[in-house]
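# Structure assessment
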Amino acid sequence: MAVEVTDDQQAAMQGMLNGVYADMSHLATKLRPSDSDPDAPLSFGGIRAALAGCPSLSEIGSQCSAASVSSIAVALDAVGAIDDALDGLDAAARANGLLLSWQLNREQHGVAESMALDEATSRQASAVLQTCTKLLMQAQMLIPKQRWVQQTLAVARASALVANSLWSHSDEAALALQTAILAREGLRYPRLELSASTPKQVLPKAPVEITVLLARQHAGGSEAAKMINNQGIFEAYWLYVEGHKPKETPNSLLAAQPMPVKDVDAPHVEAQVVFTAPPTLGKYQLTVHVLSTSVIGVELSQDVMFEVVEDDVPALE
């Protein structure tokens, strides 16, 4: 039976879609690779600045008091959590960037002790974090479609930081907090080994299959693991394949697909990626990347090569 949608409901849905489009258009514009160095790595500061200016956050930042913004900036600067990526943003966007940084750094030693947010600012910081979590989930779908390698990797890294409200992928204190977060869910911090392989030689325009094996050296613990989502996923990884191009030509993202773990006792998880070989003869380099968008500090990569060769089988007469 068809569900009847009222005019008000239809208008609300259209408004939501318009909002998503505006946010993703903003992110795509701000994250677009530069013409001068299209393969330059993108820092978290760059992602944060792009998020801070999204239309869906503008009202939050504009309502944050100047005194709160100043106090947060001082507290973050004391632990080196301020960078120049927020320079040049308007007042509302800068406030959003600082509120997000507060949420990610508040567990860092000395930050929360240096000041306490008032109730209104605390609500605003929570709203920014919640909105940025949603924006990054949407960006995980959008940015790979642009074939931008460094932007895709940066979004994945940022997603893990924001999902856990942590400030670093390498800081020992942040990693200890991440391990504790996982332990509360009955999970172990991932210890992974990546192995990727391709055929050594393929014909022009023939299918090329990459086999990716992710060995889980931390496997086990199913009796303690808690399921906290409806998809039955305990660990979520993303597999990206980067195709290297000649100088002056940007590298391209050839594939992006999830590698979920639904059994914590599984010793490994495997995936295959298939794409079409170039028509031009020669050797080609790929880089296979595996990152977690839900656990900080999980990123592996491996270079693989294949060669496009002539078909030396004579044609039948």
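In case you missed it, the structure is sitting above this.
The structure reproduced in this document is the subject of the present report. Small disclaimer: the values here were computed from a predicted structure and weren't measured.

Each value, and the rule that gives it
- Residues numbered from 1 in each chain as written.
- Predicted model: local features only at pLDDT ≥ 70, side-chain atom pairs only at ≥ 80, totals over all residues.
- Heavy atoms only, no water.
- Phe/Tyr/Trp six-rings, centres within 6.5 Å; stacked < 30°, edge-to-face > 60°.
- Helix = DSSP H or I, 4+ residues; strand = E, 2+ residues; numbered from the N terminus.
- Expected span 1.5 Å × (residues − 1).
- Buried < 20%, exposed > 50% of the residue type's maximum accessible area, 1.4 Å probe, protein only.
- Arc of directions from axis to C-beta.
- Contact = heavy atoms within 4.5 Å.
- Polar contact = N/O pair within 3.5 Å; in protein donor to acceptor, adjacent residues only side chain to side chain.
- Pairing = 2+ DSSP bridges.
- Axes fitted to C-alpha atoms, helices over the stretch in contact; angles between N-to-C directions.
- Core = buried A, V, L, I, M, F, W, Y, C linked by side-chain atoms within 4.5 Å.
- Salt bridge = Lys/Arg side-chain N within 4 Å of Asp/Glu carboxyl O.

### Quick word on the packing of aromatic side chains
Aromatic rings considered in pairs are described by the distance between their centres and by the relative angle of their planes. Within this structure, the stated rule accounts for three aromatic pairs. Where phenylalanine 275 meets phenylalanine 306, the ring centres are 6.0 Å apart and the plane angle is 65°; that geometry is what we call edge-to-face. In this pair, phenylalanine 275 is assigned in strand β6 (residues 268–276) and phenylalanine 306 in strand β8 (residues 299–308), connecting sequence segments 31 residues apart. Relative to phenylalanine 306, the ring of tyrosine 284 has its centre 5.6 Å away and its plane inclined at 20°; by these criteria the two rings are stacked. Highlighted residues: tyrosine 284 in strand β7 (residues 282–292) and phenylalanine 306 in strand β8, separated in sequence by 22 residues.

### Remarks on helix α4 (residues 66–78)
Here α4 contains 13 residues, and its C-alpha end-to-end distance of 19 Å stays within 8% of the 18 Å for a straight helix at 1.5 Å per residue. Burial in α4 covers these residues: Ser68, Val69, Ile72, Ala73, Ala75 and Leu76. The buried residues of α4 all sit within an arc of 165° when viewed along its axis, so they share a single face. What points out from α4, more than 90 degrees from its buried face, is the exposed set Ala66, Ala67, Val74, Asp77 and Ala78. Contacts from the buried residues of α4 go to α5 (91–105), α6 (111–114) and α7 (119–142). In the segment just after α4, glycine 80 is the residue with positive phi, at about 70°.

### A few points about helix α9 (residues 172–184)
Along its 13 residues, α9 runs 19 Å from first to last C-alpha, staying within 8% of the 18 Å computed at 1.5 Å per residue. Of all the residues in α9, the buried ones are Ala174, Gln178, Ile181 and Leu182. Take α9 and look down its axis: the buried residues cluster within an arc of 95°, on one side only. Within α9, the exposed residues directed more than 90 degrees away from the buried face are Glu172 and Arg184. At the N-terminal end of α9, a side-chain oxygen is found 2.9 Å from the backbone nitrogen of alanine 173, two or three residues along, and the residue is aspartate 171.

### A closer look at the sheet that holds strand β3 (residues 207–216)
If you walk across this open sheet you meet the three strands as β1-β3-β6, and the pairing is antiparallel. Because the sheet does not close on itself, it has two edges, and the strands there are β1 (192–197) and β6. Across this sheet, the average inter-strand angle for adjacent strands is 15°, counted without regard to direction.

### Quick look at the sheet that holds β8
Taken together, the five strands give an open sheet; going across it, the order is β2-β8-β7-β4-β5, and neighbouring strands pair in mixed fashion. Each having just a single partner strand, β2 (201–202) and β5 (252–261) make up the two edges of the open sheet. Alignment of strand β4 (residues 235–243) against β5, held across nine bridges, turns out to be antiparallel. Counterpart to leucine 239 in the pairing with β5 is glutamine 257.

### Let's talk about the nonpolar core
Nonpolar side chains tend to gather and get buried jointly when the protein is soluble and globular. One finds Ile47, Leu51 and Leu100 to be the most contacted residues of the largest nonpolar core, which totals 40 residues. Counting residues per element, the ones that place at least two in this core are α1 (7–31), α2 (44–52), α4, α5, α7 and α8 (149–164). The element contributing the most residues to this core is α7, with eight residues. Excluding its chain neighbours within four sequence positions, the residues that come into contact with isoleucine 47 are Leu31, Leu42, Leu136, Ala154, Val155 and Ala158. Counting residues in hydrophobic clusters, the runner-up holds 33 residues, among them Leu187, Val264, Val269 and Val298.

### Overview of the pattern of salt bridges
Summed over all chains, the structure comprises four salt bridges. Between arginine 123 and glutamate 119 there is a salt bridge, and its shortest N-O distance comes to 3.2 Å. Of this pair, arginine 123 and glutamate 119 are both found in helix α7, four residues apart, which corresponds to roughly one turn of the helix. Glutamate 119 matches arginine 123 in its accessibility class, with the two residues each being exposed. The partner of glutamate 299 in a salt bridge is arginine 157, and the shortest N-O contact between them spans 2.8 Å. Placement of glutamate 299 in strand β8 and of arginine 157 in helix α8 is noted, with a sequence separation of 142 residues between them.

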